[in-house]
There are 6 protein chains.
Amino acid sequence: MATERVAIYPGSFDPLTLGHVDIMQRGSSLFDKIIVGVLKNVDKEPLFTVDERLAMIRDTFRGQDNVEADAFSGLLVDYAASRKATTIVRGVRAISDFEYEFQMALMNRRLAPTIETVFMMPAEEYSYVSSRLVKEVARLGGNIAGLVPKRVEKRLYERVRE
Amino acid sequence: MATERVAIYPGSFDPLTLGHVDIMQRGSSLFDKIIVGVLKNVDKEPLFTVDERLAMIRDTFRGQDNVEADAFSGLLVDYAASRKATTIVRGVRAISDFEYEFQMALMNRRLAPTIETVFMMPAEEYSYVSSRLVKEVARLGGNIAGLVPKRVEKRLYERVRE
Amino acid sequence: MATERVAIYPGSFDPLTLGHVDIMQRGSSLFDKIIVGVLKNVDKEPLFTVDERLAMIRDTFRGQDNVEADAFSGLLVDYAASRKATTIVRGVRAISDFEYEFQMALMNRRLAPTIETVFMMPAEEYSYVSSRLVKEVARLGGNIAGLVPKRVEKRLYERVRE
Amino acid sequence: MATERVAIYPGSFDPLTLGHVDIMQRGSSLFDKIIVGVLKNVDKEPLFTVDERLAMIRDTFRGQDNVEADAFSGLLVDYAASRKATTIVRGVRAISDFEYEFQMALMNRRLAPTIETVFMMPAEEYSYVSSRLVKEVARLGGNIAGLVPKRVEKRLYERVRE
Amino acid sequence: MATERVAIYPGSFDPLTLGHVDIMQRGSSLFDKIIVGVLKNVDKEPLFTVDERLAMIRDTFRGQDNVEADAFSGLLVDYAASRKATTIVRGVRAISDFEYEFQMALMNRRLAPTIETVFMMPAEEYSYVSSRLVKEVARLGGNIAGLVPKRVEKRLYERVRE
Amino acid sequence: MATERVAIYPGSFDPLTLGHVDIMQRGSSLFDKIIVGVLKNVDKEPLFTVDERLAMIRDTFRGQDNVEADAFSGLLVDYAASRKATTIVRGVRAISDFEYEFQMALMNRRLAPTIETVFMMPAEEYSYVSSRLVKEVARLGGNIAGLVPKRVEKRLYERVRE
């Protein structure tokens, strides 16, 4: 009998974009379970708290049992091992992404040789969507409909106006 | 009768380099008018004020009617629309530039589908010239003649010595 | 009074794709006239003759006066000069494209300093569409609807079956 | 109960390298079965026949039930569907690889939206190993031990000497 | 009689990695002397002081006369000239490195045309090793053995725990 | 006493460009001797014979004793060893160059670990000059003055007219 295949999709998700959601959907059809790991990064000043970000993800995947949101700190590979995940999923949108991703994946392989990293592509309509750019556009009053989930859109406008 | 074709060339121009001037000259021969849009970026600590940067550009293009310098804040595409510009001009020097430029251009197209971005190349002698690098060299006492306009050169040395 | 601004959009167009059409439409809104220059490349074995390719382009832009299709041989900059074009338009889809395009543009600038090259982006949905790939898919019996104009689609299937 | 997850790893494998073997091993731990699809490319002049290449792969994975070698022609996504594979595995070694891979993956997604492409990295020691380069080195009498499986090494030297 | 060939290998070395050591060894076989120039960068907050970093390098190259560690501030090319060095050595690991390196090398050539920059590759096993990433892994409690020299390893763990 | 440092600068040089000459000059100031290795490539159809190419190089470096032109076949590292060269010099103009160069350099290092590859940059004015492009421009009647040495220019025009 096949063992359950669990993958981690790590990130900041500050906020969740439709590019992230697209990778989560694609990943959830490849693995038995995908755990979205929200990094508790103490250094940066996030727009949304970790709890708010977890709620956004859980909200979006309500009723879809094999996508789970969780927070983690420390080394990604330690977290993956603690969750019995054997795969790390990363979305790659562009060349510059890929360089950095490659470096991280090789380091993670050294730290934990049995955990594999796989790269997946979002739909091309999300090829230019990043959390950073979406926040910037929202702050300047631009329209972000179609770039983030509907509820995230509303919360993001509220937050940047505060 | 042809409508007047107006283009925006946006940037920080802190300070103006000869690479920028080169793109402005090239752009001014392609369009009826080119508006150099100096971004009022509240987050960063610039070396020169927006007014100083506008003066540098106006000084350089004195007598050349179809190059205009102006300051803007907010979304670039909103500013472009308010100035009846239909094109955004961006200089591309290298691959790493291009990645970022591509992402911004696709986002701007989503925000304003009728405003087109075109990319132009500076002369190859300016392929390594950036405002950041010019400032760094000036601070360390290096020779920046031939990288910035003559008057900018003088002002830049004065400023970094303050 | 403004001089008429004429641009050349050169290529093989064997066959015309919707990515090409997208660049032609965008270019035609930036310039008074865009001349699609079909290269008579004696070295390669094209799938369609130059006349067939010209017909495909003319067919697609029937009724749109400022897009003209023409064939040329020899140096692109000589052809541009003979047509009083001051700009070369190139579509850029990806990094690898851009490298080659940059090299050609710098060479063309050396050969004819007054002719400027501008780069434009197709819609992201065409970011992976090339004549070569479309031909390959058609040969293998794949569906190319939405990648080439309707009439090109029909002719391409006929041709690869011959 | 989980459905069996089958992936296709397509390529020419002319000849099989240890970089390929590395990806096959990694892939075989991610999926229930990995089918190595040897492309019958009628256009090129291969060094080894399709049957010889299939034998090399089978030889290397003897006793490892979830790696299967098979030949295919036509569209990769059609072959994948016929084998009930839901994933295409591709190894990525470098930027230039990735550009091409991205283009192919987006085209394959358009042709068959339910088949997903995932990218995996070989060990960094194989980052410069390609079939083409290995053949070139062997032809010039260089040492290819450690770049291809032992038996492939012997057969490759014999073949290039013929 | 040949003049002594002296090269500078500049960097922050905060901390020294085995990737740096690899380039130093390779450089020391190409030149009569290699001076490792530790940049006194006043802007950043380093983990180790300049003196600590110099000690790490000297410790590693004890008994190897043609590798010397020294600190410098100001323009690299001025420092190189003061040390009668005619070459700058830079390690290149990846594309993104190379872009930045190219820009710096062209600027340095402009500032001092007689000083040449040469690029060398570390062993592929160090292709993903950077000071920044090593510090991050150490901070999160990961294993950095084999990425930095033995003594650096011990000191790095001590420092990040402070 | 320091051993003589000999470097190989390999290539096809069909024909020699001023970009090549620039790298040769730069290399000749870094090493005691630079051997320009003209590859006898039996597969391709060159424009100039190996002897003609050797003559072009010798002609250009007449009187400069430490630049020598020689032809070779077989593995580059074997040729380097036979000439007691410890370094391979390669010019890098752009990203796409660099990818391929990196792969070759890693393979050469595996084949001969004691022979080091160093990368050097030509002057930025030659950043777009390649033998292939120069030939293409000459064939189409374009002006190649300033891209190749004077005598190569004359011979190239004669050859493409034959």
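Residues numbered from 1 in each chain as written. Chains lettered and ligands numbered in written order. Predicted model: local features only at pLDDT ≥ 70, side-chain atom pairs only at ≥ 80, totals over all residues. Heavy atoms only, no water.

Here's the deal with the pairing of strand S2 (residues 33-39) of chain B
Residues and elements named next belong to chain B.
- With five of seven residues buried, S2 lies mostly within the body of the structure.
- Both strand S1 (residues 6-11) and S2 contribute to a ladder of six bridges, which runs parallel. Its bridge partner being in S2, isoleucine 8 is matched across the sheet by isoleucine 35.
- You can see the chain leave S1, run along helix H1 (residues 18-30) and come back into S2, and the turn it takes is right-handed.
- Both S2 and strand S3 (residues 67-72) contribute to a ladder of six bridges, which runs parallel. Bridged to valine 38 within S3 is alanine 71. (Buried < 20%, exposed > 50% of the residue type's maximum accessible area, 1.4 Å probe, protein only. Helix = DSSP H or I, 4+ residues; strand = E, 2+ residues; numbered from the N terminus. Pairing = 2+ DSSP bridges. Right-handed = clockwise from strand over helix to strand, strands pointing away.)

Some words on the pairing of strand S5 (residues 116-120) of chain F
- Of all five residues in S5 of chain F, five are buried, a share of seventy percent or more.
- Alternating positions in S5 of chain F separate into two faces, Glu116, Val118 and Met120 of chain F on one and Thr117 and Phe119 of chain F on the other, with burial throughout.
- Pairing geometry for strand S5 (residues 116-120) of chain E and S5 of chain F, over two bridges, is antiparallel. If you follow phenylalanine 119 of chain E over to S5 of chain F, its bridge partner there is phenylalanine 119 of chain F.
- Taken together, the five bridges between strand S4 (residues 87-91) of chain F and S5 of chain F define a ladder with parallel strand orientation. Looking at the pairing, glycine 91 of chain F lines up with methionine 120 of chain F of S5 of chain F.

Observations concerning the side chain of arginine 159 of chain A
Residue and element names in this part refer to chain A.
- Note that arginine 159 resides in helix H6 (residues 150-161).
- For arginine 159, a relative accessible area of 18% puts it in the buried group.
- In this view, arginine 159 contacts Leu47, Phe48 and Glu52; residues no more than four positions away in its chain are not counted. (Contact = heavy atoms within 4.5 Å.)

Quick notes on the interface of chain D and chain F
- Listed by partner, the interface residues are 17 residues for chain D and ten residues for chain F.
- The contact between chain D and chain F buries some 1,200 Å² in all, and 66% of this surface belongs to carbon and sulfur atoms.
- When the buried surface of chain D facing chain F is broken down by residue, Tyr128, Leu133 and Leu140 of chain D rank first, second and third, together holding 46% of it.
- Across the contact surface, chain D and chain F share zero salt bridges.
- Where the side of chain D that touches chain F is concerned, the elements lending two or more residues are helix H4 (95-111) and helix H5 (131-139) of chain D.
- Residues of the side of chain D that touches chain F, tallied by class, amount to eight nonpolar, seven polar and two charged. (Buried area = accessible area lost by both parts, 1.4 Å probe. Salt bridge = Lys/Arg side-chain N within 4 Å of Asp/Glu carboxyl O. Nonpolar A, V, L, I, M, F, W, Y, C, P; charged D, E, K, R; others polar.)

Things to note about the packing of H5 of chain D against helix H6 (residues 150-161) of chain D
Residues and elements named next belong to chain D.
- Where H5 contacts H6, the two axes come as close as 9 Å, and the packing angle between them is 60°. Relative to H6, H5 is oriented so that their crossing is right-handed. Residues Val134, Lys135, Ala138 and Arg139 of H5 pack against Leu156, Tyr157 and Val160 of H6.
- Taken together, the residues of the contact of H5 with H6 sort by class into five nonpolar, no polar and two charged. (Axes fitted to C-alpha atoms, helices over the stretch in contact; angles between N-to-C directions. Left-handed = near helix turned anticlockwise from the far one by under 90°.)

Considerations on the packing of aromatic side chains
All names here are of chain A.
- Inspection of the entire model under this criterion finds twelve aromatic pairs over all chains.
- For the pair phenylalanine 72 and tyrosine 79, a centre-to-centre distance of 4.8 Å together with 15° between the ring planes defines the contact as stacked.
- For phenylalanine 72, a relative accessible area of 5% corresponds to the buried category. (Phe/Tyr/Trp six-rings, centres within 6.5 Å; stacked < 30°, edge-to-face > 60°.)

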